Amino acid sequence: MNNLMQTFALIEMSITCAAVMILLLQTTSPQPFPVIAKVLLILLTANLFFWPLGLGMELPLVAYVRGVVGDLSIVTILLLWTSLLPKNKPAPFAFKFAVALMAIIFYPLALGLGMMDPYAWGYGSIAFFIAVLFFALVCGLANWSKGVWIIAISILAWAGHWHESANLWDYLLDPFLAIWALTGLIAALYRRRRDKARSGYLFRPG
């Protein structure tokens, strides 16, 4: 069972690495990739990551990547994978704000700053579980259905012990998701300030 779990984790990370590479390629392309091209690129790139390539490496390349970054949260993985879908609706500003605020509070406390350890809540706290469900409800009320099923799948993965961790936090949040939310939040605030400044300049008398 443990070997099977490790294999699934490597396959998951291989697809994630392929998704990241395709997103990077997409940013340099003037035209969006068609769906069939994305599927073929994922299959090819994921295979390159999954199988040993020689060059003195006894393990697959993805095993070394996983050894460095660890297991990503299910939320991060699904956000990456779904970003390749056509007509993908980006995460709303409110979601990025909530994740950024959560990370700013969670990580210092989890690393020992203060007497409270929120990481312990992930081992079966009913109050924390209800809070996660409430957050999914808020996503639904905000008309972001993708956020609802991403959180739902994350909870199901935690209940089914998809990853090695038994802590719900590890399925919902990771440092890469926190960095993405913080940078996205800062970029959105900068754009709003820039647009406001341009608007004020255009409508300034004279």
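Residues numbered from 1 in each chain as written. Predicted model: local features only at pLDDT ≥ 70, side-chain atom pairs only at ≥ 80, totals over all residues. Heavy atoms only, no water.

**Some details on the overall build of the protein**
Condition: Only DSSP runs of H or I reaching four residues or more are called helices, and only runs of E reaching two or more are called strands; each is numbered from the N terminus. To sort residues, take the accessible area from a 1.4 Å probe on protein chains only and compare it with the maximum for the residue type: under 20% means buried, over 50% means exposed, and anything in between is partly exposed. A contact between two residues is defined here by any heavy atoms of the two lying within 4.5 Å.
The helix and strand tally for the protein stands at 9 helices and 0 strands. Counting from the amino terminus, the protein carries its helices and strands in the arrangement α-α-α-α-α-α-α-α-α. Taken over the C-alpha atoms alone, the protein extends approximately 70 × 50 × 30 Å along its principal axes. Of all 206 residues assigned to the protein, the portion counted as buried reaches 33%. Across the protein, the fraction of contacts at a sequence separation of at least 24, relative to all contacts at a separation of at least 6, is 73%.

**What about a nonpolar patch on the surface?**
As a reminder of what qualifies: Residues qualify for a patch when their relative accessible area is over 30% and they have no salt bridge, like charges being joined within 9 Å and the nonpolar side chains of Val, Leu, Ile, Met, Phe, Trp and Tyr within 5 Å. Per-residue accessibility takes into account occlusion by the displayed protein chains alone, with areas from the Shrake-Rupley method and a 1.4 Å probe. A side-chain nitrogen of Lys or Arg and a carboxyl oxygen of Asp or Glu constitute a salt bridge if their distance falls within 4 Å.
Taken together, Val35, Ile36, Val39, Leu40 and Leu43 make up a surface patch of nonpolar side chains, about 470 Å² in accessible area. Examined against the element boundaries, valine 35 turns out to sit in helix H2 (residues 35-50). Overall, valine 35 belongs to the partly exposed group, its relative accessible area being 47%.

**Remarks on the nonpolar core**
If you look at soluble globular proteins, the nonpolar side chains tend to sit buried side by side. Definition in use: Nonpolar core, defined: a set of buried Ala, Val, Leu, Ile, Met, Phe, Trp, Tyr and Cys residues in which side-chain atoms within 4.5 Å join the residues together.
Of all hydrophobic cores here, the largest spans 27 residues; its most connected members are Val75, Leu79, Phe95 and Val132. Looking at this core element by element, the count peaks at 5 residues for helix H7 (residues 145-159). Setting aside chain neighbours within four positions, we find phenylalanine 95 in contact with Val75, Leu79, Phe135, Cys139, Trp144 and Trp180. Counting residues in each nonpolar core, the second largest holds 8 residues, with Cys17, Val62, Leu72 and Ile77 among its members.

**Side note on the packing of aromatic side chains**
Note the cut-off: Here is the rule: rings of Phe, Tyr and Trp (six-membered ring for Trp) pair when centre to centre is within 6.5 Å. Planes less than 30 degrees apart are stacked, more than 60 are edge-to-face, and the remainder are tilted.
For the structure on display, the rule yields 10 aromatic pairs. Taking 4.8 Å as the distance between ring centres and 55° as the angle between the ring planes, the aromatic pair formed by phenylalanine 95 and tryptophan 144 counts as tilted. Separated by 49 residues along the polypeptide, phenylalanine 95 in helix H5 (residues 93-110) and tryptophan 144 in the loop between helix H6 (126-141) and H7 bring together distant segments of the chain. Judged on exposure class, the residue phenylalanine 95 and its partner tryptophan 144 are both buried. The structure contains a cluster of three or more aromatic residues connected by ring pairs, namely Phe106, Tyr107, Tyr119, Tyr123, Phe128 and Trp169.

**Describing the pattern of salt bridges**
If you walk through the whole model with that rule in mind, you get 2 salt bridges. Aspartate 71 is paired through a salt bridge with arginine 66; the nearest N and O atoms lie 2.7 Å apart. Residue class for aspartate 71 comes out partly exposed when judged on its relative accessible area of 28%. On the accessibility criterion, arginine 66 (15% relative accessible area) is buried. A salt bridge links arginine 66 to glutamate 164, with the nearest nitrogen and oxygen atoms 3.7 Å apart. Taken together, the residues span a long stretch of sequence, with arginine 66 in helix H3 (residues 61-69) and glutamate 164 in the loop between H7 and helix H8 (169-172) at a distance of 98 residues. When salt bridges that share partners are traced, they join Arg66, Asp71 and Glu164 into one network.

**Section: the packing of helix H1 (residues 2-28) against helix H4 (residues 74-82)**
Put simply, the rule is: Angular values range over 0 to 180 degrees, each being the angle between N-to-C directions of two axes fitted as lines to C-alpha atoms, with helices fitted over their stretch in contact. Here roughly perpendicular refers to angles of 65 to 115 degrees, roughly parallel to angles under 35, roughly antiparallel to angles over 145, and oblique to all remaining angles. Crossing handedness: left-handed means the near helix sits turned counterclockwise from the far one by under a right angle, and right-handed means the same turn made clockwise.
Where H1 meets H4, the axes come as close as 9 Å, and the angle between the chain directions of the two elements is 45°. Relative to H4, the element H1 lies oblique. Here H1 runs over H4; the crossing is left-handed. Residue-level contacts link Glu12, Ile15, Thr16, Ala19, Val20 and Leu23 of H1 to Ile74, Ile77, Leu80 and Trp81 of H4.

**Looking at the packing of H6 against H7**
Operational definition: Residue polarity is assigned by list, with Asp, Glu, Lys and Arg as charged and Ala, Val, Leu, Ile, Met, Phe, Trp, Tyr, Cys and Pro as nonpolar; anything else, Gly included, falls into the polar class.
Orientation of H6 relative to H7, taken along the N-to-C sense of each, is 155°, at an axis distance of 7 Å. Compared by their axis directions, H6 and H7 come out roughly antiparallel. Each of Phe129, Val132, Leu133, Phe135, Ala136, Cys139 and Gly140 in H6 lies in contact with H7, whose residues at this interface are Gly147, Val148, Ile151, Ile155 and Trp158. When the residues that make up the contact of H6 with H7 are grouped by side-chain class, the tally is 10 nonpolar, 2 polar and no charged.

As far as function goes, none of this settles anything; it's purely spatial.
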